[in-house]
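# Residue-level structure breakdown
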Amino acid sequence: MSDIPTDISHDQFAVRRQKLADLRAGGFDPFRANCAQTHFSGDAIKAYVEGEDNAVRVSVAGRLVTIRIQGGSGFVKILDQQGQIQLYVKKDVLGVDAYMAFKKLDFGDFIGVTGTLFKTKAGEITVRVESYTLVSKALRPLPEKWHGLTNDEQVYRQRYLDMIVNADSRKRLMLRSRIISYIRRFLEDRRFLEVETPILQTVAGGAAARPFETHLNALNIDFVLRISLELYLKRMLVGGCDRVFEIGRNFRNEGMDRKHNPEFTMLEVYQAYSDFRGMMTLVRDLFQGLCRDVLGTMTVTFKDKEGNAHDIDFGGDWREVRYKDLITDFTGDANWFSRTKDEKIAYCKGIDLFVEPTWEDFEITNEIFSKKIEHTLIQPTFVTHLPKELCPLAKINLDDPSVIDVFELTIGGMEVAPAYSEQNDPDVQRAMFEAQAGGEQQKVDNDFLLALEHGMPPAGGMGIGIDRLCILLTSADSIRDVILYPQLRPAAATAEIKN
RNA sequence: GGCUUCCUAGCUCAAUGGUAGAGCAGUUGACUCUUAAUCAAUUGGUUCGGGGUUCGAGUCCCCGGGGAGCCA
């Protein structure tokens, strides 16, 4: 009966190639076929009129992911962007030839069907298929239906397989799209303007990080990929865009782990005539809106490094605490900031925290914050008034000139959103840049300083790490779970696919 | 970059240093409302690559590749 030679019956790739060859020999090329699509799966299910079987006719299309054929009829399911819908195929309806051909379809094949909606005995809304077309043959088999694909490496390298067979992955990655879409709507509703600024830059400004280096042949000049959006967005403030944002990729040539990918997505927002306090309200409204309108819940589950689950509550007011208070509370030393460097180093030794003796005081203190304190801040917390050395782009606090008017929003032990009252005094800004550059004059962005000298309105600015936000809102374990194609070493194994 | 750990059939997983197995998928057959459909039969392996120890290596050792976790 079958055209499949028995000697290849074990090789699913070869069997499918043979089926394709048989189809073509019969004058049908599935890759040249097309089909109608009136509904996505979910919309089709909604279109069913209760109690009126076969009253509504739909055309749906998708990938075959479940096959349950039983003699002269059978149930199958196809997967499309909205999910799955069940189809009922019957020899009496399709005719013998079409039905026999249908039985030769494989998991993974794309088909288009037209038929009417009805409800099965088990209560599932299903398409009674009147006609179908194979519109694309899958030559390789899908991963197993029950356990899905669990091999991390294959999940990342062949994300499409992960998305086909792992419903959780598909939902998580689609949720990311909805989160970003909501953020755009939220900001546009508040009159923010979305812009696009250069990724190729001559000075990597706006943050302290090692950039990727490249070369522009046409100008014979070395360029870097941006590490931050900040300085070009501030130029937009100078140019008269009072409320401006960009959602874009940043690149940092540094470590990779559960919270870091070399390319990652940042949102930066700038609002003239506001300040870091205004950004607090903005970010809380944004996150609470995301929870309410996208997630449908104000609490999400978060798993810490030890695997303990916490409920993060995004509702209500959020904790606000000064950086200095966190440090003095942790060290139990109210006079921590007036201690000598040797005393600080001695303390760190005592708590088994490694610090370099060459570090500045603020670096030692910040090591305590980032290694010992930050990961304990699970509930949404505004850490405010950081030491001025940590950021040269923010305004100095009027009451305490050793700190700046900023917050770092920390959730789930991760820095999710830093915000500043933006520095707009060109002379102070230049002094801060020069102190940071430490004599390396080429690291000072003079073009940005020129812009500031033309006058930048006072403004609040904020960055949000979109990947980290998605980790939190989707309860993901790793940044790789919310990035479609995280960076990996090239695989020799997949370089030459066996055939 | 360092430490730990993993890599076995298309996928998910087994296998005291002693004949590489199972489930799903595939193939063949039965079955006209299934839900991981069921029933019967059956094919399928460069155990990531290379070297070594051993009578014998998926297993132990070394080198290399890739993934993950922790650290830097």
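Note that the structure is a prediction, hence the values are computed from the model and not measured.

### What to know about the side chain of D445
- Within the secondary structure layout, D445 lies in the loop between α13 (426–437) and α14 (446–453).
- When its relative accessible area of 10% is taken as the criterion, D445 is described as buried.
- Once you skip the residues sitting within four places of it in the chain, D445 turns out to touch V203, L231, R235 and F433.

### Thoughts on the pattern of salt bridges
- Taken as a whole and judged by the stated rule, the model has 27 salt bridges.
- For R57, the salt bridge identified is with E130, shortest N-O distance 2.8 Å. Of this pair, R57 sits in strand β1 (residues 57–70) while E130 is found in strand β5 (residues 125–136), placing the two residues 73 residues apart along the sequence.
- Put simply, R235 and D447 hold a salt bridge, and the shortest N to O gap is 2.9 Å.

### Quick word on the nonpolar core
- Judged by nonpolar contacts, the single largest core of 48 residues is most densely connected at I183, V283, F287, L290, F407 and I464.
- Looking at this core element by element, the count peaks at 10 residues for helix α9 (residues 276–295).
- Setting aside residues up to four positions removed in sequence, F287 forms contacts with F314, W318, L409, I411, V416, I464 and L469.
- I364, I368, C391 and I404 belong to the second largest nonpolar core, which has 41 residues in total.

### Focus: α14
- Residues of α14 that are buried: F448, L449, A451 and L452. All buried residues of α14 fall inside an arc of 155° around its axis, so they share one side.
- Among the structural elements, α8 (230–238) and α13 are those in contact with the buried residues of α14.
- Positioned one or two residues after α14, G455 has a phi angle of 105°, which is positive.

### A closer look at the packing of helix α10 (residues 323–331) against helix α12 (residues 361–373)
- Contact pair α10 / α12: the axes reach a minimum separation of 10 Å and the direction vectors enclose 75°. Compared by their axis directions, α10 and α12 come out roughly perpendicular. The residues of α12 that touch α10, namely those facing Y323, L326, I327, F330 and T331, are T365, N366, I368, F369, K372 and I373.

### What to know about a nonpolar patch on the surface
- A contiguous nonpolar patch, built from Y160, L484 and Y485 and spanning about 320 Å² of accessible area, is present on the exposed surface.
- Following the sequence through the fold, Y160 ends up in helix α6 (residues 159–165).

### Comments concerning the sheet that holds strand β2 (residues 73–80)
- If you walk around this closed barrel you meet the five strands as β1-β2-β3-β5-β4, and the pairing is mixed. Averaged over neighbouring strand pairs, the angle between their axes works out to 55° when direction is ignored.
- In terms of strand pairing, β1 meets strand β4 (residues 110–119) through seven bridges, oriented antiparallel. Across the sheet, residue S59 finds its bridge partner in β4, namely T114.

### Regarding the domain arrangement of chain A
- Taken domain by domain, chain A holds domain 1 (6–136) and domain 2 (164–318 + 379–481).
- Its C-alpha centre places domain 1 at a distance of 47 Å from the equivalent point of domain 2.

### Digging into the state of the cysteines
- Applying the stated criterion across every chain, the model contains zero disulfides.
- In this model C291 remains outside any disulfide bridge; the closest cysteine sulfur is found in C470, 12 Å from its own.
- What makes C291 buried here is its relative accessible area of 0%.

### Side note on helix α11 (residues 341–350)
- Residues of α11 that are buried include every one of K344, I345 and C348, and no others. Mapping the buried residues of α11 onto a view down its axis gives an arc of 100°, with all of them on the same face. Looking at α11, the residues exposed on the side facing more than 90 degrees away from the buried face are D342, K349 and G350.
- Check the buried side of α11 and you find it contacts α12.

### Quick notes on the pairing of strand β10 (residues 243–251)
- When you tally the buried positions in β10, you get seven out of nine residues, the bulk of the element.
- As paired elements, strand β6 (residues 193–194) and β10 share two bridges and run parallel to each other. Within the sheet, the bridge partner assigned to L193 lies in β10 and is V244.

### A word on the sheet that holds strand β15 (residues 381–384)
- The eight strands lie next to each other as β6-β10-β11-β18-β17-β16-β15-β14, forming an open sheet whose pairing is mixed. Edge positions in the sheet fall to β6 and β14 (319–322), since each of these pairs with one other strand and no more.
- Judged from the six bridges that link them, strand β16 (residues 406–411) and strand β17 (residues 414–421) form a sheet pairing that is antiparallel. Bridge pairing in β17 places T410 opposite E415.

### Some thoughts on the confidence of the model for chain A
- Looking at chain A as a whole, the pLDDT averages 94, with 97% of positions reaching at least 70.
- Considering only residues more than four positions removed or in separate chains, one finds that residues 493–499, a stretch of pLDDT under 50, has five contacts.

### Looking at the pairing of β17
- In terms of burial, β17 is a largely internal element, seven of the eight residues being buried.
- In the sheet, β17 pairs with strand β18 (residues 459–465) via three bridges, with the strands oriented antiparallel. Across the sheet, residue S421 finds its bridge partner in β18, namely G460.

### Some remarks on unusual backbone geometry
- One non-glycine residue with positive phi stands out, namely N54, at about 65°.
- Its place among the elements puts N54 in the loop between α2 (41–47) and β1.
- Unusually for a residue other than glycine, D352 sits at a positive phi of about 65°.
- In this fold, D352 is placed in the loop between α11 and α12.
- A relative accessible area of 71% means that D352 is categorised as exposed.

### Brief notes about the packing of aromatic side chains
- Following the criterion strictly, the structure yields 12 aromatic pairs and no others.
- On the numbers, 6.4 Å between centres and 65° between planes, the contact of F287 with F314 is edge-to-face. Here the residue F287 occupies a position in helix α9, and F314 occupies one in the loop between β13 (309–313) and β14, the gap between them amounting to 27 residues.
- Residues F433 and F448 carry aromatic rings whose centres are separated by 6.1 Å and whose planes lie at 45° to one another, so their mutual orientation is tilted. Pair noted here: F433 is in helix α13 and F448 is in helix α14, with a separation of 15 residues, a long-range link. Here F433 matches F448 in class, with each residue buried.
- When the ring centre of F118 is taken as reference, the NZ or CZ atom of R128 above it lies at 4.5 Å.
- Here the basic side chain of R190 rests over the ring of F186, its NZ or CZ set 3.6 Å away from the ring centre.

Conventions and cut-offs
- Residues numbered from 1 in each chain as written.
- Chains lettered and ligands numbered in written order.
- Predicted model: local features only at pLDDT ≥ 70, side-chain atom pairs only at ≥ 80, totals over all residues.
- Heavy atoms only, no water.
- Helix = DSSP H or I, 4+ residues; strand = E, 2+ residues; numbered from the N terminus.
- Buried < 20%, exposed > 50% of the residue type's maximum accessible area, 1.4 Å probe, protein only.
- Contact = heavy atoms within 4.5 Å.
- Salt bridge = Lys/Arg side-chain N within 4 Å of Asp/Glu carboxyl O.
- Core = buried A, V, L, I, M, F, W, Y, C linked by side-chain atoms within 4.5 Å.
- Arc of directions from axis to C-beta.
- Axes fitted to C-alpha atoms, helices over the stretch in contact; angles between N-to-C directions.
- Parallel < 35°, antiparallel > 145°, perpendicular 65-115°, else oblique.
- Patch = residues over 30% accessible without salt bridge, like charges linked within 9 Å, V, L, I, M, F, W, Y side chains within 5 Å.
- Areas by Shrake-Rupley, 256 points an atom, 1.4 Å probe, with all protein chains shown as cover.
- Pairing = 2+ DSSP bridges.
- Domains from an automatic or database assignment.
- Disulfide = S-S within 2.5 Å.
- pLDDT = per-residue confidence, 0-100.
- Phe/Tyr/Trp six-rings, centres within 6.5 Å; stacked < 30°, edge-to-face > 60°.
- Lys NZ or Arg CZ within 6 Å of the ring centre and 35° of its normal.

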